[in-house]
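Listed here are the chains, written in short residue letters.
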Amino acid sequence: MRQIIAGNWKMNGTLADVGPYGSALKASIPACLVVICPPFPLLPAFAAQLTGTGIALGAQDCHTGRAGAHTGDVSSLLIKEIGAQYVILGHSERRTDHFESNAIVRAKVEAALQAALVPIVCVGETDTERDAGEAEDVVRTQLIHSLPPEFTGLVAYEPIWAIGTGRTPTEADIIAMHGAIRHQLTSQFPQTGAKIPILYGGSVKPANAAAILALPEVGGALVGGASLKATEFLAIAACAASV
Ligand code: PEP
């Protein structure tokens, strides 16, 4: 299975970073599937850099609608037109900072699919929910209500307490959660659920990537902080399976 390593730059990076970063990626194109998700204004520069390299481009959000009076928002159609193939949806930072409910995430997934973008839908529990033994229920509920019946794309399991903290779940916890997600996906999507890639995200670094990526049902990684430096991101990508 060819694993997918997606880099989420969040609100980081400038135009000046695109050239050096793109050159570093092109100098050692990883054998796994790599997706870079920079802030919206950097998408055109990245698209120009990466055309023809096999490295894919993604946005970090899209609006639910096609066009209209939505100040500050960006449509899935425009993201597609600018050269991206993927879009991260339902990241915990958007669920928290922008009050995105599962219903909103689902509407965004539908908009992404209408634009022929591949959604990367994030799910994950807080530390309070994990401590209360509710992690799997929380994630199951997110999957049920965030994914429309016509869903195709990727799911990213990102425990909120592991994002940007340097803390990661135990291998046993990742195995258990990815197994629970697979179980839910196969019951929710009997035809396709067995094949939907499940990425792990939350403090993935070069030092822990190989161990995490080797776990069952881990189809790749969604990488935040460590995607900002091309050397670190490439070191993580080098740990991924390429066939
Ligand atoms: C993320 O926010 O998607 C993420 C995984 O961040 P980090 O790798 O920095 O924990």
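Just above sits the structure.
Just so you know, these numbers come straight off a predicted model, no measurement behind them.

1. Considerations on the layout of surface pockets
Thinking step 1. As a volume, the largest pocket reaches approximately 440 Å³.
Thinking step 2. For the largest pocket, the lining is made up of 19 residues, of which Met11, Gln60, Asp61, Arg94 and His98 are closest to its centre.
Thinking step 3. Considered class by class, the residues forming the lining of the largest pocket number seven nonpolar, six polar and six charged.

2. Structural notes on the site of the ligand
Thinking step 1. Around the ligand sit 14 residues, and of these Lys10, His91, Glu158, Gly164 and Ser203 come closest.
Thinking step 2. Between the ligand and Gly224 there is a distance of 2.8 Å, counted from an oxygen atom to a backbone nitrogen or oxygen.
Thinking step 3. Protein chains shield 97% of the accessible area of the ligand, which is 290 Å² for the free molecule.
Thinking step 4. Looking at the shell around the ligand residue by residue, the class counts come to four nonpolar, eight polar and two charged.

3. Some thoughts on the packing of helix α1 (residues 15-27) against helix α2 (residues 43-50)
Thinking step 1. Two elements in contact, α1 and α2, have axes whose closest approach is 10 Å; the angle formed by their N-to-C orientations is 25°. With respect to each other, α1 and α2 are oriented roughly parallel. For the pair α1 and α2, the sense of crossing is right-handed. Of the residues in α2, those in contact with Leu15, Val18, Gly19, Tyr21, Gly22, Ser23 and Lys26 of α1 are Ala45, Phe46 and Gln49.

4. Overview of helix α10 (residues 230-237)
Thinking step 1. Where α10 is concerned, the buried positions are Ala230, Phe233, Leu234, Ile236 and Ala237. Buried residues of α10, viewed axially, fall in a sector of 155°; they line one side.
Thinking step 2. Along its buried surface, α10 packs onto β1 (4-8), α1, β2 (33-37), α9 (206-213) and β8 (220-223).

5. Points about the state of the cysteines
Thinking step 1. Taken as a whole and judged by the stated rule, the model has zero disulfides.
Thinking step 2. Of all cysteine sulfurs in the structure, the one in Cys37 sits closest to Cys122, which takes part in no disulfide; the separation is 9.4 Å.
Thinking step 3. Here Cys239 stays free of any disulfide, with the sulfur of Cys32 as its closest cysteine sulfur at 9.4 Å.

6. Considering empty space enclosed by the protein
Thinking step 1. For the structure on display, the rule yields one cavity of 30 Å³ or more.
Thinking step 2. Lining of the largest cavity is provided by Glu136, Val139, Arg140, Leu143, Met177, Ala180, Ile181 and Gln184.
Thinking step 3. At the level of elements, α7 (135-146) and α8 (171-188) are the ones that each hand at least two residues to the lining of the largest cavity.
Thinking step 4. Taken together, the residues that form the lining of the largest cavity break down as five nonpolar, one polar and two charged.

Rules behind the numbers
- Counting starts from 1 at the beginning of each chain's written sequence and moves along it residue by residue.
- Under the rules for a predicted model, residues below a pLDDT of 70 receive no local features and side-chain atom pairs below 80 are neither given nor counted, while totals for whole chains, interfaces and linings still include all residues.
- To get the side-chain values, take all heavy atoms of the structure and skip hydrogens and water.
- Definitions used for this entry: grid spacing 1 Å over protein atoms alone; cavity, a set of points where a 1.4 Å probe fits but cannot get out; pocket, an open set with protein on both sides within 12 Å along at least 5 of 7 lines; lining residue, one with an atom within 4 Å of a point.
- Grid points are joined across faces, edges and corners, and a volume is the space filled by probe spheres set on the points.
- Residues were grouped as follows: Ala, Val, Leu, Ile, Met, Phe, Trp, Tyr, Cys and Pro as nonpolar; Asp, Glu, Lys and Arg as charged; and all remaining residues, including Gly, as polar.
- By convention in this text, a residue qualifies as near a molecule or strand provided that one of its non-hydrogen atoms is within 4 Å of it.
- Between N or O atoms, a polar contact is any pair within 3.5 Å; within protein, one atom must be a potential hydrogen donor and the other a potential acceptor, and residues adjacent in sequence are included only when both atoms are from side chains.
- Only the protein chains shown count as cover for residues, with accessible areas throughout obtained via the Shrake-Rupley method and a probe of 1.4 Å.
- To get an axis, a line is fitted to the C-alpha atoms, and for a helix only the part in contact is used. The angle between two axes follows their N-to-C directions and goes from 0 to 180 degrees.
- Only runs of H or I of at least four residues qualify as helices and only runs of E of at least two qualify as strands under DSSP, and these elements are numbered from the N terminus.
- Angle categories: roughly parallel below 35 degrees, roughly antiparallel above 145, roughly perpendicular from 65 to 115, and oblique for all the rest.
- Take the far helix as the reference: if the near one is turned anticlockwise from it by less than a right angle, the crossing is left-handed, and if turned clockwise, right-handed.
- We call two residues in contact whenever any of their non-hydrogen atoms come within 4.5 Å of each other.
- Accessibility here uses a 1.4 Å probe with only protein chains present; expressed as a share of the type maximum, an area under 20% marks a residue as buried, one over 50% as exposed, and anything in between as partly exposed.
- When we speak of the arc, we mean the arc of directions from the helix axis to the C-beta atoms.
- Counting rule for disulfides: a pair of cysteine sulfur atoms within 2.5 Å.

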